[in-house]
Amino acid sequence: MNINPEGSIQNGGGGATDIRIGNDDLYSRVIVAGGGGSGGVILNGKMNIGGPGGGITGVSVDLFSLNGGTQDSGGYCSYQSHSGSFGYGGNNSFQGGGAGGGWFGGGSADPNSFEYLGSGGGSGFAYNYTFHPSFPYNLDERYMLSRTNLIPGNESLPEYDGSYSIGHHGHGVAKITLLLPPKKTEFIDPYHDRFFRVIRRR
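From a predicted model like this one, the values you see are computed outputs, not experimental measurements. (Residues numbered from 1 in each chain as written. Predicted model: local features only at pLDDT ≥ 70, side-chain atom pairs only at ≥ 80, totals over all residues. Heavy atoms only, no water.)

Colleague: Just checking my understanding: could you explain the overall build of the protein chain for this structure?
Modeller: Along the backbone of the protein chain there are 0 helices and 7 strands. Helices (α) and strands (β) of the protein chain occur, in sequence order from the N terminus, as β-β-β-β-β-β-β. For the protein chain, contacts bridging at least 24 residues in sequence account for 53% of all contacts bridging at least 6. As presented, the protein chain carries roughly 11,600 Å² of accessible surface, and 53% of it is formed by carbon and sulfur atoms. (Helix = DSSP H or I, 4+ residues; strand = E, 2+ residues; numbered from the N terminus. Contact = heavy atoms within 4.5 Å. Areas by Shrake-Rupley, 256 points an atom, 1.4 Å probe, with all protein chains shown as cover.)

Colleague: How should the packing of aromatic side chains be read in this particular structure?
Modeller: For any pair of aromatic rings, the description consists of the separation of the ring centres together with the inter-plane angle of the planes. One pass over the structure, following the stated rule, counts 12 aromatic pairs. Taking 4.9 Å as the distance between ring centres and 35 degrees as the angle between the ring planes, the aromatic pair formed by Tyr 27 and Phe 86 counts as tilted. Linking Tyr 27 in the loop between strand 1 (17-20) and strand 2 (29-33) with Phe 86 in the loop between strand 2 and strand 3 (125-126), this pair joins segments that are 59 residues apart in sequence. By relative accessible area, which is 38% here, Tyr 27 ends up partly exposed. (Phe/Tyr/Trp six-rings, centres within 6.5 Å; stacked < 30°, edge-to-face > 60°. Buried < 20%, exposed > 50% of the residue type's maximum accessible area, 1.4 Å probe, protein only.)

Colleague: How should the pattern of salt bridges be read in this particular structure?
Modeller: A side chain of one charge can pair with a side chain of the opposite charge when the charged atoms of the two come close. Enumeration according to the criterion identifies 3 salt bridges in this entry. Between Asp 18 and Arg 20 there is a salt bridge, and its shortest N-O distance comes to 2.8 Å. Across the pair Arg 20 and Asp 24 runs a salt bridge, and its minimum N-O distance is 2.9 Å. Several salt bridges share partner residues, and in doing so they unite Asp 18, Arg 20 and Asp 24 into one network. (Salt bridge = Lys/Arg side-chain N within 4 Å of Asp/Glu carboxyl O.)

Colleague: What's the story with the sheet that holds strand 1 in this structure? I'm lost.
Modeller: Within a sheet, neighbouring strands are paired by backbone hydrogen bonds and run either parallel or antiparallel to one another. The strand order across the open sheet built from 3 strands is 1-2-3, with neighbouring strands paired in antiparallel fashion. At either end of the open sheet lies a strand with only one pairing partner, and these are strand 1 and strand 3. Note that strand 2 and strand 3 share 2 bridges and pair antiparallel. Opposite Val 32, over in strand 3, you have Phe 125 as the bridge partner. (Pairing = 2+ DSSP bridges.)

Colleague: I'm lost on the environment of Gly 90 in this one. Help?
Modeller: Of note, Gly 90 is situated in the loop between strand 2 and strand 3. The buried category is assigned to Gly 90, whose relative accessible area is 5%. Sequence spacing of Gly 90 and Gly 74 is 16 residues, and the spatial spacing of their C-alpha atoms is 8.4 Å. Setting aside residues no more than four positions away along its own chain, Gly 90 makes contact with His 82, Ser 83, Gly 84, Gly 98, Ala 99, Gly 106 and Ser 108.

Colleague: When you look at the nonpolar core in this model, what are you seeing that I'm missing?
Modeller: Among soluble globular proteins, nonpolar side chains are generally buried collectively. The biggest cluster of nonpolar side chains holds 11 residues, and these are Leu 26, Val 30, Val 32, Phe 86, Trp 103, Phe 104, Phe 125, Tyr 127, Tyr 137, Leu 139 and Met 144. Not counting residues within four places of it along the chain, the set of residues in contact with Tyr 127 comprises Val 30, His 132, Pro 133, Tyr 137, Leu 139, Asp 140, Glu 141, Tyr 143, Met 144 and Leu 145. (Core = buried A, V, L, I, M, F, W, Y, C linked by side-chain atoms within 4.5 Å.)

Okay, here's the thing in structure tokens:
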């Protein structure tokens, strides 16, 4: 899953797509797909794209700062208010555009370097034994996942319709598939001695 893998020119960055359990807050996210950062201004007729979203880390495209989000910090920008934070991408940095949201958001393009460079992508996240939050978190080990695969937005991703694309453009998509089919059981009604069939989900 990934939103807006390369961002858009001089606009806000892509928002993250996530799945939450129990509470509707950032500390209840069990899966996160990072959003792509916005591109910078057009210089000499060249379009400068933003960094794709994560993946384990968001992609940095500013040569002067690591502005992609990571597993434990937002993307950096020398203007602190334009750095990424937990769940949020950095604000528009003059002509640099907004960064992508994610587990930790990307940072906006650094105005002290070249503002036309793109903003960073946000990081992805899947709650498991490898990526366990080091800060207070609402979910316990019952919700840890196995066989997770975080694919960045600049690589081939499976789409909800079974096709593949480099990143995902447009609104975010989350597809949930029931892996265990319903179990069919039979029992005897002790009062009428008749068979009834019921569908009992595991």
